[in-house]
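Coordinates in review
The primary structure of each chain is shown beneath.
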Amino acid sequence: MRISILDRSLVRTGQGHAEALRDTVRFARAAERLGYHRFWVSEHHSVPGAAGSAPTVLAAAVAGATSRIRVGTGGVMLPNHRPLVVAEQFGVLESLHPGRIDMGLGRSVGFTEGVRRALGHGKEETGDFAAQVSELLGYFAGGAPRHPGVHAWPAEGLRVPAFILAMGSGADVAAELGLPLVIGGREERMRPAIDRYRATVAGRPYVVVAATVAVAGTAAEAQELLVPEAWSTAYSRTRGEFPPLASPRDILARAMDARERGYFEEALEGQVHGTEDEVAAELSGLVARTGADEVLVTMNTYDHERRLDSYTRLAAIARELPLAA
């Protein structure tokens, strides 16, 4: 089974943003040794608990520190940028690391009004996402009808695979443009969007299902790996700010009010976790139900060694799972 990694460069309590970025590069080297197919990085702005604000810059560092694994973005939030600049950035990446670069594109804008003002882009611009993607792809093809005579060198003529990161209606953009779909969230919401994408895509469908996966010696230990990010998610939903990851021990000792507890338990639901045998069975079922061609895994926890152990166990599972039909 083809399994890849999305690393969001999350910060741990007591750690700085710079160290979190260096951890991402170190983790990418480990992912390559373990045989993962892709290693993608993300885009977040003004988030205390996330260091990855410039994904193409971080992707360049990851690509420079590795030699075989595909490297990309999960994703560049296109409404925050001009398509010309994004094309130029990926053109540079592909020129320096030919045949290894992926261009994952999303439609989100800044989380708060202040961030959106600072970026100079508002929520209304997400409605032009399909047009923005088309303009971006046009620069690679050598045609820019909106801006005659403008060339996105060195991107022009290069082949950089583009992926659409979607929730719900975003799947329709991927289908319209004939691009691979990357989709996550609750399975009951994913599957109708995946079915609609497959039924309407202009070309061969390719579906990447994003999932949180934790593997450990026992199911209880695997669930404990999920506690730090679940708490940061609950904190962000009650206080509007995603904080650095704390240790499971500190989190489980907290006195949560009913609202916090509800969001915390909700964040733990629906995640793939357990022993090797349990996770292999869950992943096989997920792939069978969604028809996924690939699984994109993101799992962040407080302890780096425990996270690496989980991904090492997952890599061994992936080698035994059959390829998608």
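Keep in mind it's a predicted model, so treat the numbers as computed, not measured.

**Let's talk about the overall build of the chain**
Regarding its fold elements, the chain presents twelve helices and eleven strands. In terms of overall dimensions, the chain is globule-like: its C-alpha atoms have a radius of gyration of 19 Å, near the 20 Å expected for 325 residues. Taking the principal axes of the C-alpha coordinates as reference, the chain spans close to 60 × 45 × 40 Å. With 325 residues in all, the chain has 53% of them scored as buried. At a minimum sequence separation of 6, the contacts of the chain that also span at least 24 residues come to 73%. Entry remark: accessible area of the chain is about 14400 Å², with carbon and sulfur atoms responsible for 53%. Across the chain, 35 positive and 39 negative side-chain charges occur, with their mean positions spaced 2 Å apart.

**What about the pattern of salt bridges?**
Under the defined criterion, the tally for this structure stands at 15 salt bridges. Of the charged contacts in the structure, one is a salt bridge between Glu-187 and Arg-289, with a shortest N-O distance of 2.5 Å. Note that Glu-187 is positioned in helix α7 (residues 187-200) and Arg-289 in helix α11 (residues 276-290), a separation of 102 residues in sequence. Taking the relative accessible area as the measure of exposure, Arg-289 reaches 44% and is therefore partly exposed. Salt bridges sharing common partners tie together Arg-38, Arg-70, Asp-102 and Glu-294.

**Comments concerning the environment of Gly-291**
Along the chain, the position of Gly-291 falls in the loop between α11 and β11 (294-297). Given the relative accessible area of 28%, Gly-291 is considered partly exposed. In this structure, the C-alpha to C-alpha distance between Gly-291 and Pro-243, residues 48 residues apart in sequence, is 35 Å. Here Gly-291 is in contact with Arg-198 and Leu-286, once residues within four sequence places are set aside.

**Quick notes on the pairing of strand β2 (residues 38-41)**
Judged by which residues are buried, β2 turns out to be covered on both faces: Arg-38 and Trp-40 on one side and Phe-39 and Val-41 on the other are all buried. Of the pairings in the sheet, the one linking strand β1 (residues 3-7) to β2 comprises three bridges and is parallel in character. Bridge pairing in β2 places Ile-5 opposite Phe-39. In the classification by handedness, the crossover that spans β1, the intervening helix α1 (residues 17-34) and the parallel β2 is right-handed. Between β2 and its parallel partner strand β3 (residues 70-73), the chain crosses via helix α2 (residues 55-65), and the hand of that crossover is right-handed.

**Here's the deal with helix α10 (residues 258-268)**
For α10, the complete set of buried residues consists of Glu-260, Tyr-263, Phe-264, Ala-267 and Leu-268. Axial view of α10: buried residues confined to an arc of 140°, hence all on one face. Close packing links the buried residues of α10 with α8 (219-239) and α9 (248-252). One side-chain oxygen at the N-terminal end of α10 lies 3.1 Å from the backbone nitrogen of Arg-259; it belongs to Asp-257.

**Re the side chain of Thr-275**
Within the secondary structure layout, Thr-275 lies in the loop between β10 (272-274) and α11. What Thr-275 contacts, discounting residues up to four positions off in sequence, is Val-215, Ala-216, Gly-217, Thr-218 and Ala-219.

**Some thoughts on the nonpolar core**
If you look at the biggest cluster of nonpolar residues, it comprises 87 residues, and the most contacted ones within it are Leu-283 and Leu-314. It is α8 that provides the largest number of residues to this core, a total of seven residues. Those residues in contact with Leu-283 that lie beyond four places of it in its chain are Ile-3, Val-213, Val-272, Val-295, Leu-314 and Leu-321. In terms of nonpolar packing, the next biggest core, distinct from the first, is built from eight residues, Leu-6, Phe-163, Val-182 and Leu-296 among them.

Cut-offs applied
- Residues numbered from 1 in each chain as written.
- Predicted model: local features only at pLDDT ≥ 70, side-chain atom pairs only at ≥ 80, totals over all residues.
- Heavy atoms only, no water.
- Helix = DSSP H or I, 4+ residues; strand = E, 2+ residues; numbered from the N terminus.
- Rg over C-alpha atoms; globule rule 2.2 N^0.38 Å.
- Buried < 20%, exposed > 50% of the residue type's maximum accessible area, 1.4 Å probe, protein only.
- Contact = heavy atoms within 4.5 Å.
- Areas by Shrake-Rupley, 256 points an atom, 1.4 Å probe, with all protein chains shown as cover.
- Lys, Arg positive; Asp, Glu negative; His and termini not counted.
- Charge placed at Lys NZ, Arg CZ, Asp CG, Glu CD.
- Salt bridge = Lys/Arg side-chain N within 4 Å of Asp/Glu carboxyl O.
- Pairing = 2+ DSSP bridges.
- Right-handed = clockwise from strand over helix to strand, strands pointing away.
- Arc of directions from axis to C-beta.
- Polar contact = N/O pair within 3.5 Å; in protein donor to acceptor, adjacent residues only side chain to side chain.
- Core = buried A, V, L, I, M, F, W, Y, C linked by side-chain atoms within 4.5 Å.

Honestly, it's all geometry; don't read function into it.
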